[in-house]
Protein chains: 4
Amino acid sequence: MSQTEYSLQENTSITDFSKRFETIRNYTEHLCSNFSEDDHMLQADFFVSPPKWHLAHTTWFFEEMILKSNGKNYEIFDETFSLLFNSYYETIGKRIARDKRHLISRPSLKEALAFRSHVNSGMKQLIENGASKELLELAELGLQHEQQHQELLLTDLKYSLYQSPMYPNVSKTIDLVGQKNTEAGWLEVEEGIYEIGHTGKEFCFDNEMGQHRVFLEPFQFRKSLVTNGEFIEFMESGGYEQFKHWHDEGWAWIQGNEIAKPLYWQKVNDVWHQYTYNGLRPVNPEEILTHISFFEAAAFAQWKGMRLPTEFEWEAASNHFHWGDRWEWTNSAYLAYPGFKTSEGAVGEYNGKFMINQMVLRGASKATSQSHSRKTYRNFFPTDARWQCTGIRLAK
Amino acid sequence: MSQTEYSLQENTSITDFSKRFETIRNYTEHLCSNFSEDDHMLQADFFVSPPKWHLAHTTWFFEEMILKSNGKNYEIFDETFSLLFNSYYETIGKRIARDKRHLISRPSLKEALAFRSHVNSGMKQLIENGASKELLELAELGLQHEQQHQELLLTDLKYSLYQSPMYPNVSKTIDLVGQKNTEAGWLEVEEGIYEIGHTGKEFCFDNEMGQHRVFLEPFQFRKSLVTNGEFIEFMESGGYEQFKHWHDEGWAWIQGNEIAKPLYWQKVNDVWHQYTYNGLRPVNPEEILTHISFFEAAAFAQWKGMRLPTEFEWEAASNHFHWGDRWEWTNSAYLAYPGFKTSEGAVGEYNGKFMINQMVLRGASKATSQSHSRKTYRNFFPTDARWQCTGIRLAK
Amino acid sequence: MSQTEYSLQENTSITDFSKRFETIRNYTEHLCSNFSEDDHMLQADFFVSPPKWHLAHTTWFFEEMILKSNGKNYEIFDETFSLLFNSYYETIGKRIARDKRHLISRPSLKEALAFRSHVNSGMKQLIENGASKELLELAELGLQHEQQHQELLLTDLKYSLYQSPMYPNVSKTIDLVGQKNTEAGWLEVEEGIYEIGHTGKEFCFDNEMGQHRVFLEPFQFRKSLVTNGEFIEFMESGGYEQFKHWHDEGWAWIQGNEIAKPLYWQKVNDVWHQYTYNGLRPVNPEEILTHISFFEAAAFAQWKGMRLPTEFEWEAASNHFHWGDRWEWTNSAYLAYPGFKTSEGAVGEYNGKFMINQMVLRGASKATSQSHSRKTYRNFFPTDARWQCTGIRLAK
Amino acid sequence: MSQTEYSLQENTSITDFSKRFETIRNYTEHLCSNFSEDDHMLQADFFVSPPKWHLAHTTWFFEEMILKSNGKNYEIFDETFSLLFNSYYETIGKRIARDKRHLISRPSLKEALAFRSHVNSGMKQLIENGASKELLELAELGLQHEQQHQELLLTDLKYSLYQSPMYPNVSKTIDLVGQKNTEAGWLEVEEGIYEIGHTGKEFCFDNEMGQHRVFLEPFQFRKSLVTNGEFIEFMESGGYEQFKHWHDEGWAWIQGNEIAKPLYWQKVNDVWHQYTYNGLRPVNPEEILTHISFFEAAAFAQWKGMRLPTEFEWEAASNHFHWGDRWEWTNSAYLAYPGFKTSEGAVGEYNGKFMINQMVLRGASKATSQSHSRKTYRNFFPTDARWQCTGIRLAK
């Protein structure tokens, strides 16, 4: 976020903001109440983090970025947390290696929750004592950051739980996969110059800013997302065995990792099942496909004789179809918009430094907070990432 | 190349084509005449190939794609070459692993040259006996393919020779690095809709086709390429030690590989030297920088407070500055143009399957044949590739 | 253990055995009472296991090997544990990968302890209802196995805790490193034929059996173990920088892993410190060195102009010096004694299959239960292992 | 070799030695005359070397160790060879990485042969002008070293040629595999103290010296080596699929590398074939098995209910059976004999530094010069090495 450009909406009262702060912070703990204490320690790979770490890291953001320099009378909860719960901010100093977060047994979960309370009090005091607009904007960034981690918390833990041969049934209420399409048919979009990027006074990340014009050739856009049933067709027609559908790098990836099905799918007695927070259950062909990589999305589209939309097409069409069930892979590389500038200091590390070798996803998923969704949002992941709630939108 | 769209120019006579065939084919052997027999076996890494392999593989293209099905009375030189000298065409069958090309001791260099002669005769006969337009177009693709390999032959062998602690002096005439800028100042380019992509009847690859409109915001474009002297400034100001200039992935790359200078640079008695075909020689600060990765190019631009141009900006400006000394990294990902279609069969594997996780380079280098240069040409390499004759163009 | 050869001592009463069972089982839980719940989840590398896993795996042994087939009315605690807590017994079926034990969040610690209680009751009933001699012998093997894991529990967790940059202070009572030599001088041992291997009716592992004769040339044996102070001398004289002291493979190992000090050593303000269960504390030069690999032990001996003893020399001399402070690296490879036979079934996997590319350690450490020490005991580890409480004995 | 202990035989005349020098040196070139120029560049893995490198490295030994300091008027052939053709002597200085020997295109093969001539002349002059006994002993070590490389030259190149999908037929005269047993039955050897190690004035390596006494329990020793037919039985009975025959590390090795047959074996039309210097040919069940690892040898013996002999048993029995067809894996780790001392200087690196994590092989193979065979010879390789001409001897 570039603080100089983003402004809290004029009419945001301190009371509203304070309430919003509390709501979002509490929601993280609410999510975690589904998990056991030991679940909070799980980290199955370098790219996921344990829930305890998410709880503490999102809190660290407020202490490190705001309270340390602005909280009069604020007492640092524990000096060592600055190092333990830094994620990737090189400006701030040494970090523990990303794949070693599961090795933090101290603080305990109880202490991590106490850290949250302590920082919440500090923030509440700061906000209610009349924080400056700049501080509120930074606090807003902290809340947006926390909402991102709420989503990661769900997708990361799902990935870690899946490594257990027991496929534990952890929650009946968390449902990331059981959605169906509500629309059908194709949207026809005309050629022309479209305005792309964020406008208005509401919050957005730095990567969405810099509204600019993009010329689009005419295109068609499918209103429904690809279903499990359609993907099973692809699999049964040999989709994973024919290199002609695949990028060269995607082909090497499926060969090297023996990939022949979406993440979390297993055949049980010859029936496709998928792991969910509710344990292993049959794949419903009418539900929307999820947990596939960009490589698989692109191969599917190629097999279908179609293509993935660009992020510009997606945004130009976004008012005319239902979205929000899956993060939708686009065929746009994650790169800077014209005029993109990096902010000074640690918050400047937020987005720009990841603008290479990743693809943009548009939309939102069932793990995304509704207040964290907007049509200009640019999510991004490497081409082999599958543990997010990703899906396929077709264009032609 | 999509054969259905490209057409040999109306006025190309058979005689002209036959002559052009001979000229280009001879040029490959002319290049190789600089090297010793054992040089022809060198392969230092999976991404480079031995000269003997280049000699045979470019020939394989004509035998496999043209003579096998079209050469009446043509006798296959050696059945085993189909497997030995296939590069990445999955359609055609088994290949030897890319990093094992240095393990082909048989055929010998002499036999590889005999294979060239044999195929040249077959092709000459085919052409002069009145080949169809389709065949000539396929032969033209073979020549363009050979010109690509002529460049690789030079850059690959340089990379392999460099692994020897002797830094052998191999040729006085091959000079890939000793060029200086001939222009200075900045070009101002206005906003507007620009036509991008190849038009006309001359040859182009499939990835350049599909002319389309792109809207560009106004931009500035530096006429001179970055020099060695400018890059030394970057290095001396700590450019390789400050993460703030780098992409996150670039930073991991320089840390993990202990990279702190362009490829082929070595300090000798505290003076920067670079390896060339003429052995190790001092770096001239006025010469144009080369052999740097996209990561380094982007970090340099960031350090300078500027940026790399997009490939569309480059093409839109291409008539107004001197280019051809270096392959210029752009900040555009290598992706399909609107309407891009893959050809059927083996030639369809040419470009599309590489359209992911690579960046576009525009221009040409001193290793590129002049008849292989055009302003719509889209070269592409991964972000850490440094062994090509790459350089930095700045924009803002 | 080969059940056919080992016999419970004639005079072991059921009551004594039952008491012994309880004592050893309780001791594991007593050790764990030093650790937090989250400590029980830690696994820093494939070769260490989390405490929770040790608690359950040692219990699994009794359920799997004894109660499942012999416990009348015994109810299996949880069918899934057979897979979750198998270590390396291929006979028994699928296992979870060794490096993924930290991903078992379910069962919880509380459930793991309940599993222990349940199995303890089952075993107690079985024993007290008059188990056969064969069963008691198998139960004895289970207890010996548990004692091995008690030691691993301490050394594994120390290794995992050390990965935290906080170097947590976990226990004031566990002291694995603060021992000093009580003897000095050299033992002279005469040439001759010595009887090597276990005799008598007491328990031993299969690898100690097969008493046999070994001819030893005369040798000298140092009574004291190498101290931290002596090792600091080695380091300060450049011991880690001079290849001439090292095995070729050891040299590659220290180069490749940038090793230049014993495990757990750190310089703080230019003073050597070592990590202990009590946190980071200064290295005392008079204490006995520990946590070094075979490679380091051998290099030290070479630097000193001496050598490590063989395991036969060690056993031949074992009545004439004090041992039990460290596991002492010998220069003997871990191989079968003459006449070694593998038992049938799962217990047969105990020792024989590890008899390659490991070196024998003799003695015992402060992490070893006294009732688990004997002079014929053959411990073994790969040449780069450092996380056990290993030390150096010199011979010449 | 420890020069102080070995002495040239009293009756070795200068003329005899000079002749012997010439014979052995010429034999290396004779072997190479079977290969093409490009064959001389092949290196398929880090553990094999190209023939050109063997030619130059064996010559380097004489220049570096003898002529540089002792050859009056000797002119160094090329200063750079000191670095290029050093193998593993850390004392002498920088080396090129072991897996990059195939990247030495300069010198050419012709120059390498000229280097041999030049050094041969230098040596001849030195010898014939009356070299000291010390120098002759060092020259003898150079010849023994060259004989070792003659064997490696054959086994290394076979391995590299095998990587080509063409399985080239290179020589009709080199036959490493077509031998049959000439003896049958079992040898019974009595218990007792046996003298082990080299005696007498003839050359031996340092690792054979230090004659010492070993007590052996009674054992039986099979006179014939295991045949291809016997090994096919093992394979057909599921030998590679049953972990109970295997060391734990061996099992991981066959699983991780998908190994289910000896090196160089391929099924062609359902018939076992093996690659030889004469191309791919059917496996003859009566011929002696070769190209198997220690892991496979041990698993075979275990399957058979027998075991591999120790190196001491082998040596004690060596006068009573025919040997010399295969290097025979023993169940002895390669460790120092009592009293082993490393020589000073570069020659001291010869053997001692490899005494870890390797197993001893006794005997000799059809690639070994007869004048390089003796019953005390201790060859050694890691447990997964298969490219030598190894075989299986059974004991019980």
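Below or above, wherever it landed, is the structure these notes cover.

Cut-offs and rules
Residues numbered from 1 in each chain as written. Chains lettered and ligands numbered in written order. Predicted model: local features only at pLDDT ≥ 70, side-chain atom pairs only at ≥ 80, totals over all residues. Heavy atoms only, no water. Contact = heavy atoms within 4.5 Å. Buried area = accessible area lost by both parts, 1.4 Å probe. Salt bridge = Lys/Arg side-chain N within 4 Å of Asp/Glu carboxyl O. Nonpolar A, V, L, I, M, F, W, Y, C, P; charged D, E, K, R; others polar. Buried < 20%, exposed > 50% of the residue type's maximum accessible area, 1.4 Å probe, protein only. Helix = DSSP H or I, 4+ residues; strand = E, 2+ residues; numbered from the N terminus. Pairing = 2+ DSSP bridges. Least-squares fit on C-alpha atoms with pLDDT ≥ 70 in both.

1. So, the interface of chain C and chain A
- On the chain A side, the residues contacting the 31 residues of chain C number 31 residues.
- Summed over the three residues of chain C that lose the most area to chain A, namely D38(C), L103(C) and R106(C), the buried surface amounts to 29% of that side.
- Linking chain C with chain A are four salt bridges, by the criterion used here.
- Taken together, the residues of the side of chain C that touches chain A break down into 15 nonpolar, ten polar and six charged.

2. Quick notes on the pairing of strand β3 (residues 212-216) of chain A
All names here are of chain A.
- Of all five residues in β3, four are buried, a share of seventy percent or more.
- As paired strands, strand β2 (residues 192-196) and β3 are joined by five bridges and run antiparallel to one another. Residue Y194 lies in a different strand from β3, and its bridge partner there is V214.

3. Let's talk about the pattern of salt bridges
- For the coordinates displayed, the defined rule picks out 88 salt bridges over all chains.
- With its nearest N and O atoms 2.7 Å apart, the salt bridge here joins K52(C) to D38(A). Remark: D38(A) occurs in the loop between α1 (14-32) and α2 (51-70) and K52(C) occurs in helix α2 (residues 51-70); the pair is interchain, linking two chains.
- Judged by its relative accessible area of 3%, K52(C) falls in the buried class.
- Among the residues examined, D38(A) registers a relative accessible area of 2% and is labelled buried.
- A network of salt bridges, in which partner residues are shared, links R25(A), E29(A), R116(A) and E146(A).

4. Some words on the arrangement of the chains
- Separated throughout, chain B and chain C approach each other most closely at a C-alpha pair spaced 14 Å apart.
- Between chain A and chain D there is no contact, and the shortest C-alpha to C-alpha distance separating them is 14 Å.

5. Here's the deal with the relation of the copies chain C and chain A
- Superposing chain C onto chain A takes a rotation of 180 degrees combined with a translation of 0.0 Å along the rotation axis, leaving an RMSD of 0.0 Å. On this basis, the relationship between the two copies can be described by a two-fold rotation axis.
- Here 100% of the contact residues of chain C are again contact residues in chain A; the copies associate through an equivalent surface.

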